Protein chains: 2
Amino acid sequence: MASIDEKDEEILKELRKNGRATLTELGRKIGLSPASIKNRIEKLESLGAIKGYSAIVDPAFLNEFIQAIIEVELLVDNEAVDRMLYNISRLDNVIGVYRKTGEFQILIRANFKDVPQLKEFVKSLSVKYLGKNMKRAKVSVIMDTFKEGGVIMQERKTRRRRRR
Amino acid sequence: MASIDEKDEEILKELRKNGRATLTELGRKIGLSPASIKNRIEKLESLGAIKGYSAIVDPAFLNEFIQAIIEVELLVDNEAVDRMLYNISRLDNVIGVYRKTGEFQILIRANFKDVPQLKEFVKSLSVKYLGKNMKRAKVSVIMDTFKEGGVIMQERKTRRRRRR
DNA sequence: GCTGAAATTCTGGAGTG
DNA sequence: CACTCCAGAATTTCAGC
């Protein structure tokens, strides 16, 4: 790890909260010229501190009404699994793919149009992607999102009371 | 749900993959003028289709070396829990907060400097945030991220072979 | 949703400490 | 060497159609 100072950290934190902040805005907030911010961001990107930029999208507007968390228990976890997970990552409806500790070693965040499509995906995990490496999967459905990707959802589940 | 057409969906998908895409780039890719793209994005934002924008940051560069998944089993889940989850969402090191189906109804993605800080956070969940609503928590640690927030990590765990 | 003009931002190079 | 300044380029923004 190299050459990250206070200002760089502020840039990272700010961009995590607002990925579309302008160089000028960042400069004002942090106390640097836009040109310096630009140089630092380019440095942070090439260091791998910034992996990319993303909009937090409500999946329902893309006709993805089922947001699921799929946990997978593996029989064996080796380098071949890395390639398989990478292939899963390339699917557009897959939002996140992680290896983790615990009984289920893999966690996948993915969105689906409907339950059959979710079912089909889980089936493809063993049939197409993970094969004999997969022992079993546990599926949960997301019912409410309070924060995602560092962005707080403004729309509360409990609807604001109407004015009278 | 209202008035989302093909072009809007393309904008959402494109912004999910590159949240910093310029209006001009989006216009070229989708076949609209930058001004129209802007109008549509503003519409999508006010409709709640776009919740916000975020940079995908490697937490290690913010000295957050522990990436954890904390699942919480609730004794009772009511509207008061909503406020508690909202308060948890406001913490900077918390990346995601979800309500879901299953044995554990809450899932939290959060980053920590070290294990004591993680331990402290889990303790604060029952002491400060959820109180008697919380029955127990299950903690996993993320060991590898393949995709996050719709962005594929370029840096593979298996290091590229050195040239010779 | 487009055009066109004005405002803002971005960008790269030269200069400064 | 990182930063600022500055001018030209690109983008964004807004009005009118």
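Predicted model only: the values in this text are computed from it and were never measured. (Residues numbered from 1 in each chain as written. Chains lettered and ligands numbered in written order. Predicted model: local features only at pLDDT ≥ 70, side-chain atom pairs only at ≥ 80, totals over all residues. Heavy atoms only, no water.)

Draft legend 1. The UniProt feature "domain: HTH asnC-type" (unreviewed entry) in chain A, seen in detail. According to UniProt, the feature "domain: HTH asnC-type" (unreviewed entry) maps to residues 4–65 of chain A in the numbering used here. Measuring from the first to the last C-alpha atom of residues 4–65 of chain A gives 41 Å, for a span that is 55% helix and 13% strand. (UniProt positions renumbered as here; feature names shortened; annotations may be inferred. Helix = DSSP H or I, 4+ residues; strand = E, 2+ residues; numbered from the N terminus.)

Draft legend 2. Structural context of the packing of aromatic side chains. For the structure shown, the criterion picks out two aromatic pairs over all chains. The interplanar angle of 50 degrees and the centroid separation of 5.2 Å between the aromatic rings of Phe112 of chain A and Phe121 of chain A together place this pair among those described as tilted. Judged by relative accessible area, which is 6%, Phe121 of chain A ranks as buried. The side chain of Arg20 of chain A reaches across the aromatic face of Tyr53 of chain B, ending 5.5 Å from its centre. (Phe/Tyr/Trp six-rings, centres within 6.5 Å; stacked < 30°, edge-to-face > 60°. Buried < 20%, exposed > 50% of the residue type's maximum accessible area, 1.4 Å probe, protein only. Lys NZ or Arg CZ within 6 Å of the ring centre and 35° of its normal.)

Draft legend 3. Examining the relation of the copies chain B and chain A more closely. Once chain B is rotated about the relating axis by 180 degrees and shifted along it by 0.0 Å, it coincides with chain A to within an RMSD of 0.1 Å. Taken together, the rotation angle and the small translation identify this as a two-fold axis. Interface residue correspondence from chain B to chain A reaches 100%, placing this contact among same-surface, isologous pairings. (Least-squares fit on C-alpha atoms with pLDDT ≥ 70 in both. Contact = heavy atoms within 4.5 Å.)

Draft legend 4. Quick peek at the side chain of Lys147 of chain B. Within the element layout of this structure, Lys147 of chain B appears in strand E5 (residues 134–148). Among buried Asp, Glu, Lys and Arg side chains, Lys147 of chain B stands out as unpaired, with Asp92 of chain A the closest opposite charge at 5.3 Å. A distance of 2.9 Å separates a polar side-chain atom of Lys147 of chain B from the backbone oxygen of Leu91 of chain A. Of note is the side chain of Lys147 of chain B, whose polar atom sits 2.9 Å from the backbone oxygen of Val94 of chain A. (Lys, Arg positive; Asp, Glu negative; His and termini not counted. Salt bridge = Lys/Arg side-chain N within 4 Å of Asp/Glu carboxyl O. Polar contact = N/O pair within 3.5 Å; in protein donor to acceptor, adjacent residues only side chain to side chain.)

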